[in-house]
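Residue-level structural notes
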Amino acid sequence: MRFFRRSKEVLRRLFNITKMETEDLEPSDLLCYITEDLQLRYQSTKDVAQQSQIFQDFLRRWEGDTALDVLRKQKYEFGKDLDWFNVSHHLTLEGLRGKLVILDFFTYCCINCMHILPELNSLEKLYPIERGLVVVGVHSPKFENEKDAVNILAAAQRYNIEHPIVNDPTMSLWRNIGVRCWPTLVVLSPSGAPLLMLMGEGHGIFLERFTEQALRFFSQKQELKEFSLPLRPSVDLLPASKLKFPAKIARSEEGRFAVADAGNHRIIVFNIEGDVLLKIGSGSCGLVDGHITSARFNSPQGVAFLNENTLIVADTENHAIRQVNLLTQMVETLAGTGHQGHDRSGGKEGPLQQISSPWDVAVYRTRDMDMSFHLDEQNVPEKTIILISMAGTHQIWGYFPEAMIWWKFRKFEPRTCVSLIGNGMEENRNNSYPQNAAFAQPSGLAMGKDFLFIADSESSSIRKASMLDGKVLAVVGGDRNPQNLFAYGDEDGKQFSAKLQHPLGVCFNHTNGKVYVADTYNHKIKVINVENNVIETCKYVQDDGATIQNFNEPASLCFDNSGRYLLISDTNNHQLLRVNVETNTTTQFLLKFPQNAAEDESDGLLRSGLELFKRLPLTKSKQLKLSVSISLDDKLKFTNEAPQKWSLNSANSALKSLNTRGSISDGKFELQLKRFDPSALNLENQALKLDLSLSLCDDKRCLMKRFSLILNDDDVDGTTEEEYEVKVHVTPNNIELV
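Residues numbered from 1 in each chain as written. Predicted model: local features only at pLDDT ≥ 70, side-chain atom pairs only at ≥ 80, totals over all residues. Heavy atoms only, no water.

The name given to the protein chain in an unreviewed UniProt entry is NHL repeat-containing protein 2, and the organism recorded there is Musca domestica.

The strand order across the open sheet built from four strands is S23-S24-S25-S26, with neighbouring strands paired in antiparallel fashion. Only two strands of the sheet have a single neighbouring strand rather than two, namely strand S23 (442-448) and strand S26 (472-477). On average, each strand axis in the sheet is tilted by 25° relative to the strand beside it, whichever way the strands run. Of the strand pairs in this sheet, strand S24 (residues 451-456) and strand S25 (residues 461-466) are connected by six bridges, and their pairing is antiparallel. Across the sheet, the residue bridging to Ala455 is Ile462, located in S25. (Pairing = 2+ DSSP bridges. Helix = DSSP H or I, 4+ residues; strand = E, 2+ residues; numbered from the N terminus. Axes fitted to C-alpha atoms, helices over the stretch in contact; angles between N-to-C directions.)

Attention shifts here to the side chain of Arg209. Mapped onto the fold, Arg209 is located in helix H9 (residues 204-220). Here Arg209 occupies a buried position and makes no salt bridge, while the nearest side chain of opposite charge, Glu208, is found at 5.4 Å. The residues touching Arg209, leaving out its near neighbours within four places in the chain, are Tyr42, Val48, Gln51, Phe55 and Asn659. (Buried < 20%, exposed > 50% of the residue type's maximum accessible area, 1.4 Å probe, protein only. Lys, Arg positive; Asp, Glu negative; His and termini not counted. Salt bridge = Lys/Arg side-chain N within 4 Å of Asp/Glu carboxyl O. Contact = heavy atoms within 4.5 Å.)

Another point: the pairing of strand S8 (residues 257-261). Of all five residues that make up S8, five are buried, and the element is covered over most of its length. Of the two faces of S8, the one holding Phe257, Val259 and Asp261 and the one holding Ala258 and Ala260 are both buried throughout. In terms of strand pairing, strand S7 (residues 246-251) meets S8 through four bridges, oriented antiparallel. The residue bridging Ile249 from the neighbouring strand is Val259, located in S8. Taken together, S7 and the strand that follows it, S8, pair antiparallel across an intervening segment of five residues, in which Gly255 is found at a positive phi of about 100°. With five bridges connecting them, S8 and strand S9 (residues 266-270) associate as antiparallel partners. When the sheet's bridge partners are listed, Ala260 is paired in S9 with Ile267. Hairpin remark: S8 followed by S9, antiparallel, with four residues in the connecting loop; positive phi at His265, about 55°.

Right, let's get into the environment of Ala258. Examined against the element boundaries, Ala258 turns out to sit in strand S8. Taking the C-alpha atoms as reference points, Ala258 and Phe270, separated by twelve residues in sequence, lie 6.3 Å from one another. Other than its neighbours up to four places away in sequence, Ala258 contacts Lys248, Ile249, Ala250, Ile267, Ile268, Val269, Phe270, Val303, Phe305 and Leu311.

For strand S3 (residues 133-139), a buried count of seven out of seven residues is recorded, marking the element as mostly surrounded by other parts of the structure. Of the two faces of S3, the one holding Leu133, Val135, Gly137 and His139 and the one holding Val134, Val136 and Val138 are both buried throughout. Taken together, the seven bridges between strand S2 (residues 100-106) and S3 define a ladder with parallel strand orientation. Each bridged residue has a counterpart across the sheet, and for Leu103 the counterpart in S3 is Val136.

If you want it as C-alpha cells, here you go:
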C-alpha cells in the first residue's frame, strides 16, 4: 500500500515546536512526526534499558508538553449502527477508557495488513485485556466487495482474528483521525487521546516494547481500569465442513488433483471421482517437516505438481516453499526460513533465503542456455524452474532445483531462490525488461505455452510474462496508469476497458487456448480470448438447467485432462464445484474421505510430541535464570547462517523477561525472568511458553523443527533455587527432554 513522506527539516525541529505552531498543523501530521522521532530515537540504541528509558521520556513528554495539547484534546468515536465481529454487542471508544487501545486500520485484501496479524496476536498473548491492552480491528475497505459484512466475517474466520472488529464501510474513523494508508496502527492512551501512528508493517518488536513501557507508565499513574470485554470469537460460527476456505487447485499430467485446504492447514490429493488419496499435514498450524501425518503448514494457498510423485506447496503464512514426495509421503522445506523476509533480490540457498507470503506456484521447463556441454544442440535436456507469485514483495520469484543459465545468460546456482520479475514497487507497470516491471500483490499463476499468466489482484488485472525474455504485458483489466490501483469494477470488454475486482485465480485451458479467471470479489468466473485480449463472464447454471450458479469469493480453478470439466474452489462456501464447460452446468464436487480413526487421532499424538513440559517453582521465585541447551542426533547439524530462534509467551504469568525473543547460538540460550506484578500470584495459570524454531540439515536435506517448551508451576514445598537448566535432544523423528 502507499505511504507518504515527510520533510526531514520539519522532523528535526519537532521537539522545538511551539504551541502556536502546533495549532497550524493537522493533528495527524503532528502524531506522525512524534511517532517517527520516537522510532528514530529507539533505533539509535540496541540497549534494552536505554530503549525503555526513551519510551518513558516520551510518555512523560507526551503528557506534560503544552505543545502537544492539540493531541491530548483529540477524542474519537466509532460510528453508530456499524457491524461488529467477535463481540456480543458493539463497543465504544468512550467505553474503552482506562485501557491502552490499538486501532488496526486494515482492509482484508491487503497483504501488508495480513503480515501484521501475527504480530498483533503475539502482542495480545503477552498483554491480554486484564493487563490493560485492547486491540480493535477497524475494517476500512478498498473494494466494494469488502464493504459487505458477510465477507468480513469470512475474512475474520479465515485469518483467525479473535479481537473485536468493526466494519466502517464509509471509512469515517479513518478520515477523522487522518489515516492515509493500509495498514496503520493508532495507539490510544487510557484517556482516549492518540499516542502513536504507525504506518505499514514491520513494527512488531518496537510496538511490543512500547506497550510494555506504556502499560507500566499508566499503571503507576493508576489510569488503567479493570474490566473485560464481551468477546465472542466468530471463528466458532464456522459451518461443519470437510474443507475450510479451499484455495488453489492443481492437476498432474495423469489426472490427479491437489487442493490447498487453507483453513485446515493441509493439502488434499484426490482423483477425478473425488476419492481422497492423501491428506498432507496434521491439520494444525505450524512449520514442521517430516511424514505427511505429522507435517504442519500455515494457511497454504498454492499447489503445483512438479511430476506425478512430487507436489510443490506455497505455504503462505509460513513464508516458505514446501515439497511433498507422494511416494515416501515425506514433506521438506525447499525455501524460506519460516519468518517473513523483505529481500527483493534473493539468491541464497533455499532454506537460508527469507521470502514473503508466496501465494501460488507454477512449473516451467526450458532448455539450459549453457551450450558448452552439449554437442547436439537439438537434444539439450530441459531443466525445471518453480515459479512463485511472491505476493508480499509484489514480484515473481523462481526456485532452481538444478544449476542453469537462463535469460540473458544469467547463471542460477542449484537450490537457490531468486527474484525474476518485478522491482518490488506496488504498481501495475508493464515493461520489456523484467526487473523494471512492477506488480501489485500477484496471487495466481498459470503456464500457457511460452507465457506465464498472472492474476495481479491489487491492480485488478490479468497480465502475462514471456518465458523467453521476461517481458511483461497487459492482458485485461487495470489501467494504463501504472500507479492507479483503484481501476476495478465488473465489466466485460477488451484489455483496459474491461474491469475486474481483485482476481485471485487464473487457469490456461490447453484444449482451446483460453484463459479462465476467478474474478474473486465479483464472485464470477470469466474467460479471456488471448488472441484479442477480450474477457467475458461465464454464465453457469446448476444441473437443474435453470438456477443460476452463485459463487462466494472463488479463489482458483483447474481443468481436467480433457479440458471439458472445470474444478472451482468456491472458497467462502467451503466447497469445490465442477463445471461442464460444454453445457455450462455446475454440480457440487464432493470429496470422499476415507474413514480411518487412527488418522483422526494423529494430530493429538503430534501435539504431545511437539509440546515438552517442565515443572519449575514459578510462583516461589522472585527471579529465575533459565538456561536451555539443545543437543542434536549425530546425523543432524544446525544449518549454517540459517536463523535459530526462540520467543517467550507469558500471558498469565507474573514472571517476565526484558527480552521476549532472541537467537539460539550453538544450541544454547539463556533467559532471566523476574517477578514484576505481585498481584498476579493469584492467577490460576502460571505457565510460561517458549516457542523454538530450528533450521537443521543432514547429508541429504534441510529440516525445519518447531516445538514449544511449556514451563508449569511446581507446587511442591521446599527451598527453591534461582538457576535451572533445561536440556532438549533432537533427532530426525523425535524431540524430547533429557
